[in-house]
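The lines below spell out each chain.
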Amino acid sequence: MAVVIYFSHGGETLINGEIKKLDIGNTAKLAQLIGKQLGMPTFPILAAIPYPDSYDQTLQRSKLDADKLVAIQPIAVDLKAERDIYIGFPVWWGTLPGAVATFLQQATLSGKVIHPFCTHEGSGFGNCLEVIHELVPDATIAKGLPMRGSRVGCASQAVSNWLN
């Protein structure tokens with residue numbers, strides 16, 4: 001059994017060097033595509049205090065949150081029966097958003113296979129894979145899928161290749 005869990009930010013974001021407003025964040029779009037191809041539902045990680053729509057304000061807050069845990073809302077999924085955990089996130093400041101670090105610390109993922117996927121605008125995974133390994137050392141970290149946020153709209157084949 002598998003589950004797709006992701007953290008995403010709608011509102012303003014940087015795409016190809018320009019700030020653009022998105023109703024649905026790039027990571028959410030990628031998670032939905034992965035969930036559709038796997039035939040699995042997707043579950044968002046939501047910060048208890050939502051990030052602002054403003055790109056600049058989100059950058060400021062995410063920089064402050066980078067080295068600490070961020071309170072998150074409960075996720076309505078029982079991970080005990082799941083073997084494979086697909087976890088997605090945007091890469092902020094070259095690392096995991098604090099909400100994702102919180103989820104990884106709070107969830108019981110020992111013995112699970114974690115399939116990381118991310119959206120970025122040039123950093124790839126940054127140090128995210130190392131951080132995931134530090135937070136869940138008893139899980140197996142599978143090959144991940146880094147995707148430029150600006151390329152999510154045409155990611156179907158890349159997702160299919162990654163899943164196969």
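Thresholds applied
Residues numbered from 1 in each chain as written. Predicted model: local features only at pLDDT ≥ 70, side-chain atom pairs only at ≥ 80, totals over all residues. Heavy atoms only, no water. Helix = DSSP H or I, 4+ residues; strand = E, 2+ residues; numbered from the N terminus. Buried < 20%, exposed > 50% of the residue type's maximum accessible area, 1.4 Å probe, protein only. Contact = heavy atoms within 4.5 Å. Phe/Tyr/Trp six-rings, centres within 6.5 Å; stacked < 30°, edge-to-face > 60°. Lys NZ or Arg CZ within 6 Å of the ring centre and 35° of its normal. 1 Å grid on protein atoms, 1.4 Å probe; cavity = no way out; pocket = protein on both sides within 12 Å on 5 of 7 lines; lining within 4 Å. Points joined across faces, edges and corners; volume = space filled by probe spheres on them. Nonpolar A, V, L, I, M, F, W, Y, C, P; charged D, E, K, R; others polar.

**Student:** It is not clear to me how the environment of W162 should be interpreted in this structure. Could you clarify?
**Tutor:** Tracing the chain through its elements places W162 in helix 5 (residues 156-163). Judged by relative accessible area, W162 falls into the buried class, the value being 16%. Counting along the chain gives 74 residues from W162 to G88, while the straight-line C-alpha distance between them is 14 Å. Those residues in contact with W162 that lie beyond four places of it in its chain are I34, Y86, H115, P116, F117, K143, G144 and L145.

**Student:** How should I be thinking about the packing of aromatic side chains in this particular structure?
**Tutor:** One pair of aromatic rings is described through two measures. These are the centre distance and the angle between the planes. One pass over the full model with this rule turns up 6 aromatic pairs. Centroid distance Y86 to W162: 5.7 Å. Interplanar angle 85°. Geometry classified as edge-to-face. Placement of Y86 in strand 5 (residues 84-90) and of W162 in helix 5 is noted, with a sequence separation of 76 residues between them. The exposure class of Y86 is buried, given its relative accessible area of 9%. Taken together, a centroid distance of 6.2 Å and an interplanar angle of 65° make the contact between F117 and W162 edge-to-face. With F117 in strand 6 (residues 113-120) and W162 in helix 5, the pair connects residues that are 45 residues apart, well separated along the chain. Like W162, F117 is buried. Positioned over the ring face of Y51 is R61, at 3.9 Å from the centre of the ring.

**Student:** Could you clarify how one ought to interpret empty space enclosed by the protein in this entry?
**Tutor:** Any empty space left between the atoms is revealed when a probe the size of a water molecule rolls over them. In total, this model carries 1 cavity of 30 Å³ or more according to the counting rule given. The calculated volume of the largest cavity comes to roughly 30 Å³. Around the largest cavity, the lining residues are Y51, S62, D65, A66, W92, T95, L96, P97 and G98. Residue composition of the lining of the largest cavity, grouped by class: 5 nonpolar, 3 polar and 1 charged.

**Student:** Teacher, can you tell me more about the layout of surface pockets here?
**Tutor:** If you add up the space inside the largest pocket, you get close to 400 Å³. The wall of the largest pocket is formed by 22 residues, among which T13, L14, Y55, V91 and W92 lie closest to the centre. Mapped onto the lining of the largest pocket, the elements with two or more residues apiece are strand 2 (11-15), helix 1 (26-38), helix 2 (55-65) and strand 6. Among the residues forming the lining of the largest pocket, the class breakdown is 8 nonpolar, 12 polar and 2 charged. Looking at the second largest pocket, its volume works out to about 260 Å³. Around the second largest pocket, the lining is made up of 15 residues, and of these S8, H9, G10, I45 and L46 lie nearest the centre. A per-class count over the lining of the second largest pocket returns 9 nonpolar, 5 polar and 1 charged.

**Student:** Would you explain the side chain of H115 in this entry?
**Tutor:** Along the chain, the position of H115 falls in strand 6. Looking at H115, the relative accessible area reads 13%, which means it is buried. Each residue touching H115, except ones within four places of it in the same chain, is listed here: D84, I85, Y86, I87, A142 and W162.

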